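Overview (structure and organization)
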Amino acid sequence: MKKLTALLEKYLLPFANIFSKNRYLVAIKDAFLISLPFTIFSSMFTAIANIPFLPNIFGEKAITQFQAFVSPTFSLTMGVISFIVAAGIGYSLSNHYNVNPIYGAIVSLISFIMITPMTTATEAGEQVLNVLPLSEVGAVGMFAAIIMSIIATEIYRYAIQHNWTIKMPSSVPKLVSDSFFSFIPIAVALIAAFAIRMIFEATPFETVNNLIYQVLQKPLTSLGTSLPATIIVGILVNLFWFFGLHGHVIVGSVMVPIWNAQSFDNLAAFQAGKELPHLVTGQFTDFFVLNGGYLSIPVLISLLFLFKKRTDWNDLGKIALAPGIFGVYEPLIFGLPIMLNPIMFIPLVATPIITTTLSYLAMNLGLVPFTTGVALPYTMPLIVSGAIVTNSIRGAILQIVLLIILTFMWYVFLKVLNNQNKMEMEQTVHD
């Protein structure tokens, strides 16, 4: 086992360090965290407007009118998610480079708008000019927002670090001085964005969004939504945790844009009353695949109720209980410990395989509805979250089934660990 551990550390730790320290992945993660209050706000109204059985109580017409009334809460929050992500990346990267984060956020946002198409077509096929279609700044524009905001911020900070700035006398008010100081860096970034727009308008793709969606996003989305790919992602997350690394941050920073794009598509379809297009979404992975509760709750049940004679495990369970209910399992990872524990390696890796496979099959077979795209905090307890994100009690039942299976599995391996601990204690006493 030592050789296996050493081998895995040799190849995984350098890879993990690269991802966890990569400024662009950190900025993307930060941007989605910044967007969370807006998406939760939007999802609250979406959930309220789509509570099951409301049409039976108030009538279809009244609910349709209410949904239309609250629709701006979606279209002007989650419907412009690419704006928020672009500004968030610019803000995070600017902080990393110690340049003005406000200007970094704004230049990223404007640069993304600069490359976004400003035409749309009516239902009759008539072209409307000088408008910014919301369809281009939601999920469809997310990858363009990520790429363009990184480019814009890099140009902005490069110009500042190479002194392409206008410096005012110290007597000038700071706000005025900062504005002149940032003028040339911002101008260079915006000119670059405009040049990119002109170049793409001369190509068959016409816009950056079209290129990314047709050439890059579709294959990536396909990878992110297949059963094998999702299982691999789950294994990688817990494999990093085995070495004490935050697997959700390392792997999630790469996959979250793909999963969130699927979530936004499902939410738009759900609001429109259409068939939900995607099985694997951000909510699917958050609450049916990678949720910390699938580790913390089975282990806590074992520590608190199935191994009552282990006072050390009982004490650990009491400490880890409150965070564990909300899917925070670091006390168990480091306290049991699960990290670098060869006996715990198998259930740790098997957990996402079981949750992904059973959840995917249950939804694919129609036993449980697809997730609607309604955003919840990742810490929403299991069972409650399952019912909300699927808009069905069957989502909660699926989570209960998963917890029962996982509790049995973790108990078996904890029993092996308990026996090993007993043997070690007996050997110590004997010696």
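About the cut-offs
- Every residue gets a number counted from 1 within its own chain, in the order that chain's sequence is written.
- Restriction of local features to residues with pLDDT of at least 70 applies here, the model being predicted, together with a cutoff of 80 or more for giving and counting side-chain atom pairs; totals for whole chains, interfaces and linings are based on all residues.
- Side-chain descriptors were evaluated using all non-hydrogen atoms of the structure, hydrogens and water having been removed beforehand.
- Counting from the N terminus, the helices are DSSP H or I runs at least four residues long and the strands are E runs at least two residues long.
- N or O atoms within 3.5 Å of each other form a polar contact, as long as, within protein, one can give a hydrogen and the other can take it, and as long as residues adjacent in sequence are counted only when both atoms are side-chain atoms.
- Here a residue-residue contact requires only that any non-hydrogen atoms of the pair lie within 4.5 Å.
- Between 30 and 60 degrees the pair is tilted, below 30 it is stacked and above 60 it is edge-to-face, where a pair is any two Phe, Tyr or Trp rings, Trp via its six-membered ring, whose centres lie within 6.5 Å.
- Classification of residues uses two cut-offs on accessible area relative to the type maximum, computed with a 1.4 Å probe and protein chains only: under 20% is buried, over 50% is exposed, and between them is partly exposed.
- Counted as salt bridges are all cases of a side-chain nitrogen of Lys or Arg within 4 Å of a carboxyl oxygen of Asp or Glu.
- Throughout, an axis means a line fitted to C-alpha atoms (over the contacting stretch in the case of helices), and angles, computed between N-to-C directions, take values from 0 to 180 degrees.
- Any angle between 65 and 115 degrees counts as roughly perpendicular, while under 35 counts as roughly parallel, over 145 as roughly antiparallel, and the rest as oblique.
- It is the rotation of the near helix from the far one that decides the hand of a crossing: anticlockwise by less than a right angle makes it left-handed, clockwise makes it right-handed.
- Note on residue categories: nonpolar means Ala, Val, Leu, Ile, Met, Phe, Trp, Tyr, Cys or Pro, charged means Asp, Glu, Lys or Arg, and polar means any other residue, Gly included.
- A pocket here means an open set of points on a 1 Å grid, computed over the protein atoms alone, that has protein on both sides within 12 Å along at least five of seven lines. A cavity is instead a set of points where a 1.4 Å probe fits but cannot get out; residues with an atom within 4 Å of a point line either one.
- Grid points are joined across faces, edges and corners, and a volume is the space filled by probe spheres set on the points.
- Take the buried residues of types Ala, Val, Leu, Ile, Met, Phe, Trp, Tyr and Cys, join any two whose side-chain atoms come within 4.5 Å, and each joined set is a nonpolar core.
- Here pLDDT means the predictor's own confidence in every residue, given as a number from 0 to 100.
- A patch is a set of surface residues, each over 30% in relative accessible area and not in a salt bridge, joined within 9 Å for like charges and within 5 Å for the nonpolar side chains Val, Leu, Ile, Met, Phe, Trp and Tyr.
- Residue burial considers only the protein chains on display, and all accessible areas are found by Shrake-Rupley using a 1.4 Å probe.
- How far a helix is expected to stretch is found by multiplying one less than its residue total by 1.5 Å.
- We define the bend at any residue as the angle between the axes fitted to the seven residues before and including it, ending there, and the seven starting there.

What follows concerns the side chain of threonine 116. Take threonine 116: it is sitting in the loop between helix H7 (101-115) and strand E1 (119-121). Among the polar contacts listed, one links the side chain of threonine 116 to the backbone oxygen of phenylalanine 112, at a separation of 2.7 Å. Non-local contacts of threonine 116, meaning those with residues more than four positions away in its chain, are made with Leu132, Glu136, Val137 and Arg197.

Considering all chains together, one arrives at five aromatic pairs under this definition. Ring plane angle 80° and centroid distance 5.6 Å describe the contact between tyrosine 158 and tryptophan 164, whose orientation is recorded as edge-to-face. Judged by relative accessible area, tyrosine 158 falls into the partly exposed class, the value being 37%. We classify tryptophan 164 as partly exposed; its relative accessible area is 39%.

Throughout the structure, instances matching the rule amount to five salt bridges. When the shortest N-O distance is used, the salt bridge between arginine 157 and glutamate 154 registers 2.8 Å. Highlighted residues: arginine 157 and glutamate 154, both in helix H8 (residues 142-161), separated by three residues, approximately one helical turn. Take glutamate 154: its relative accessible area is 12%, and that puts it in the buried class. Residues lysine 174 and aspartate 178 are paired through a salt bridge, measuring 2.7 Å at the closest nitrogen-oxygen approach. Of this pair, lysine 174 and aspartate 178 both sit in helix H9 (residues 174-201), four residues apart, which is roughly one turn of the helix. Several salt bridges share partner residues, and in doing so they unite Arg23, Glu154 and Arg157 into one network.

Glancing now at the environment of tyrosine 103. In this fold, tyrosine 103 is placed in helix H7. For tyrosine 103 and isoleucine 186, which are 83 residues apart along the polypeptide, the C-alpha to C-alpha distance reads 7.9 Å.

With that out of the way, let us pick up the packing of H7 against H8. Following both chains from N to C, one finds H7 and H8 inclined at 130°, their axes separated by 8 Å at the closest point. With respect to H8, the element H7 is oriented oblique. Along this stretch, H7 crosses H8, giving a crossing that reads as right-handed. The segment H7 lies against H8, with Tyr103, Gly104, Val107, Ser108, Ser111, Phe112 and Ile115 engaging Ala144, Ala145, Met148, Ser149, Ala152, Thr153 and Tyr156. Among the residues forming the contact of H7 with H8, the class breakdown is nine nonpolar, five polar and no charged.

A separate point is empty space enclosed by the protein. Under the criterion given, the structure shown has one cavity of 30 Å³ or more. Taken together, Asn238, His248, Val289, Leu290, Asn291, Gly292, Tyr294, Leu295, Tyr329, Thr351 and Pro352 form the lining of the largest cavity. Contributing elements (two or more residues each) for the lining of the largest cavity: helix H14 (293-306) and helix H17 (342-364). By residue class, the composition of the lining of the largest cavity is six nonpolar, five polar and no charged.

So, about the nonpolar core. Core analysis: the biggest nonpolar cluster contains 54 residues, and Leu295, Leu332, Leu336, Ile338 and Trp410 have the highest contact counts within it. Of all elements in the fold, only helix H11 (227-242), helix H12 (247-272), helix H13 (282-288), H14, helix H15 (311-325), helix H16 (330-335), H17 and helix H19 (393-430) reach the threshold of two or more residues within this core. Considering every element that reaches this core, the biggest residue donor is H17, with nine residues. Every residue in contact with leucine 336, bar those within four places of it in the chain, is listed here: Val299, Leu303, Trp313, Leu316, Pro331, Met344 and Leu414. In terms of nonpolar packing, the next biggest core, distinct from the first, is built from 29 residues, Ile28, Tyr103, Ile150 and Ala375 among them.

The next thing to look at is the confidence of the model for the protein chain. Confidence along the protein chain averages 82 in pLDDT terms, with 85% of residues attaining 70 or more. No element of the protein chain has a lower mean pLDDT than helix H1 (residues 2-21), at 50, and none a higher one than H7, at 94.

This part covers a nonpolar patch on the surface. A surface patch of nonpolar side chains, amounting to about 500 Å² of accessible area, comprises Ile34, Phe38, Tyr91, Ile102, Ile106 and Ile110. Breaking the nonpolar patch down by element, the ones donating at least two residues are helix H2 (23-49) and H7. When residues of the nonpolar patch are assigned to their parent elements, the largest contribution, three residues, is made by H7. Structurally, the position occupied by isoleucine 110 is in helix H7.

Attention now moves to H9. The first and last C-alpha atoms of H9 sit 40 Å apart over 28 residues, in line with the 40 Å expected at 1.5 Å per residue. At phenylalanine 183, H9 shows its maximal kink, close to 40°; a proline, proline 185, follows between one and four residues later. Regarding H9, the residues found buried are Ser177, Ser182, Pro185, Ile186, Ala189, Ala193, Arg197 and Phe200.

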